[in-house]
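One letter stands for each residue in the lines below.
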Amino acid sequence: MKDTILGVETEYGLYFKKDGKPAHLLDKEIIMVKFNNLLNEYLKNDNQCDIGPSFQFLENGGRLYIDTNIHPEYATPECSSAIEIVKYNKAGHNIFFKCKKPLEEKFKNEGYDIALTFLADNKALNPDRSNNNEIYNTYGTHENYCIQKSSYNYDLWNWLLPFLATRQIYSGAGAFFTEKNNKKYPYGFVLSPRAFFTEETVGGATTAARPMINTRDEPHANKESLWRLHILCGESNRSDWSNWLKIGVTALVISTFCKKPSVFKNKPNLANPLSTFKTVSKDCDPNKKNVLCFNEETSEHFYLSALKIQKIYLEKAREYAAGEKSDNEAEQIINEWAEILAMLERKDEELEYMLDWKIKQKLFREMEQRKKAKNENFTNWDRANIDIKYHNIDPGGIFEIMEKAGHIKRLVSDADVLEALIYPPSTTRALARGIAIKICKQLGLYRKAVDWTSISINGEQFSILNPFLPNQSDASILTENSSRMEIFAAHYPELNKFLKRTAVEMLGNKPRVE
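Caption draft 1: Spotlight on helix α14 (residues 484-491). R484, M485, I487, F488 and H491 are the residues of α14 that are buried. Viewed end-on, α14 has its buried residues packed into an arc of 160 degrees, placing them on one side of the element. Where the residues of α14 are buried, they touch α12 (414-422), α13 (430-443) and α15 (493-507).

Structure (structure tokens):
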């Protein structure tokens, strides 16, 4: 897995309330434009780094922006491990919540007394039907896996689809659809709401005709040697476990194919991956034999369960890992993946503290019992309301309250998330971006432009084209206890010299980052 760079983009649902009621459509359009402008103004005043409207990079190496002028979005910095993704994704929630009160105050100064709510959600009712008269809007989490371009081809898509269609048994966010007799959306609880907003298996679009795997060639790196595999069928997970398994297991499966494609010779073949994606989600039973497969040699059709499909991929990954050098994270992911599948098979109640869809089912069940005790009905709107509130990133939201009370098992601590809020990862090029932004902030340098592959300061341009640099396993340069500045100086010497020289000229001393 050390040959893959990871990243996640989370789309946020943004809700406005004016006088305690949802903003009217016309007001909402005006407010969205104002939100875009005020967010950029807020970040500039907070001495963050920008390259123009809707394009803000942060000191932790990530990016916060308005996507297509429709919704806020946060992209994690480039990470070298799945557990880093969990930390930096949670940091993104904190960044948006930090913006909430200052933005509400700015709106008030503009004559809009409104309340903002950010949701890391996957499905939401669209009461004004502004999106082509759709009943629901969807907000996704796009996964990025930077791999060698030589490994990226049609076979990879083909081998990934059965895995992606069935991984929802541990990565699904869960959701409740309230509309009956609707041809597009099922009625009731589902494992993966994203399945019902996905229309193709593979394609170049991201919104219209949304595919499971996006094919556009946009690596944000050396285009000749690297490819960014862009997966759109995932969703925003609140649970550390669901998020870590989603990213970690997927990265492991991709590494397995890239390094040892021969292990997939006898992989499952699905009759219809997109249909399977929806069926598994709707049936909510990992053990049910509802996945229609076929044998390429005999053309025989047969059914397997989503759990069985995942077990097949688990064994393929084990076969690959057995012949590789020691990789602690890969070994941990394989062990936990196997344990989670075993727990799903025996319907272990412990999963109700670990996986998003299981946590939601428990919430629904407990709330229904409370309502019955009061002789009250537990309606579908109650379920939908809990569903949405679960994804509210406010510290007073349902998920945060449950997590702090110990009702949800964690993988990362508040201290881990705070560190990810302030500092970039030390094992990818995000280190150079984050440190450059931090030093520019300290020096008051505003003539700067930063993007994924380059940094420009006072007219001086520096390339950060290689996402794998630095690599902390290079023991000839660094020790395990090296500080971020030491790692930065060793791998980006020209940029380091320039920043030191600029600091001496402006302040007469060297910048401190830690």
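There is more to say, and it comes next.
Caption draft 2: Representation of the sheet that holds strand β20 (residues 454-457) within the structure. Strand order in this open sheet of 3 strands is β19-β20-β21, and the pairing throughout is antiparallel. The sheet terminates laterally at β19 (448-450) and β21 (460-463), the two strands that pair on one side only. Adjacent strand axes in the sheet meet at a mean angle of 10 degrees when their direction is disregarded. In this sheet, β21 lies alongside β20 in antiparallel orientation, the contact comprising 4 bridges. Pairing of S454 across the sheet is with S463, part of β21. Sitting on the sheet, α13 is in contact with β19 and β20, with an inclination near 15 degrees to β20.

Caption draft 3: Highlighting the packing of aromatic side chains. Using the criterion set out here, one finds 16 aromatic pairs in the structure. Plain terms: the ring middles of F163 and W337 are 6.4 Å apart, the flat faces sit at 80 degrees to each other, and that makes the pair edge-to-face. A residue pair is termed long-range when its members are at least 10 positions apart, and F163 in helix α3 (residues 154-166) and W337 in helix α8 (residues 328-345) qualify at 174 residues. Given a relative accessible area of 0%, F163 falls into the buried group. The buried category is assigned to W337, whose relative accessible area is 0%. With 6.3 Å between their ring centres and 85 degrees between their planes, F176 and F364 make a pair best called edge-to-face. Residue F176 is found in strand β12 (residues 175-177), and its partner F364 is found in helix α9 (residues 356-373); the two are separated by 188 residues along the sequence. Each member of the pair, F176 as well as F364, is classed as buried.

Caption draft 4: Spatial organisation of the side chain of H230. Mapped onto the elements, H230 comes out in strand β16 (residues 226-231). Judged by relative accessible area, H230 falls into the buried class, the value being 1%. Here N144 takes part through its side chain, which lies 2.6 Å from a polar atom of the side chain of H230. If we skip the residues at most four places from it in the chain, H230 touches E9, H142, E143, N144, I213, N214 and R216.

Caption draft 5: Fine view of the packing of α13 against α14. Where α13 meets α14, the axes come as close as 10 Å, and the angle between the chain directions of the two elements is 110 degrees. One way to sum up the angle between α13 and α14 is to call them roughly perpendicular. Considering the relative orientation of α13 and α14, their crossing is left-handed. Contacts from L431, A432 and I435 of α13 reach α14 at R484, M485, I487 and F488. For the contact of α13 with α14, a count of residues per class yields 6 nonpolar, no polar and 1 charged.

Caption draft 6: Focus on the nonpolar core. F35, Y170 and W337 are the most contacted members of the largest nonpolar core, which has 114 residues in total. Those residues in contact with Y170, other than ones at most four positions away along the chain, are F163, S242, L245, K246, V249, Q310, W337, I340, L341, L355 and W357.

Scoring rules and cut-offs
Residues numbered from 1 in each chain as written. Predicted model: local features only at pLDDT ≥ 70, side-chain atom pairs only at ≥ 80, totals over all residues. Heavy atoms only, no water. Buried < 20%, exposed > 50% of the residue type's maximum accessible area, 1.4 Å probe, protein only. Helix = DSSP H or I, 4+ residues; strand = E, 2+ residues; numbered from the N terminus. Arc of directions from axis to C-beta. Contact = heavy atoms within 4.5 Å. Pairing = 2+ DSSP bridges. Axes fitted to C-alpha atoms, helices over the stretch in contact; angles between N-to-C directions. Phe/Tyr/Trp six-rings, centres within 6.5 Å; stacked < 30°, edge-to-face > 60°. Polar contact = N/O pair within 3.5 Å; in protein donor to acceptor, adjacent residues only side chain to side chain. Parallel < 35°, antiparallel > 145°, perpendicular 65-115°, else oblique. Left-handed = near helix turned anticlockwise from the far one by under 90°. Nonpolar A, V, L, I, M, F, W, Y, C, P; charged D, E, K, R; others polar. Core = buried A, V, L, I, M, F, W, Y, C linked by side-chain atoms within 4.5 Å.

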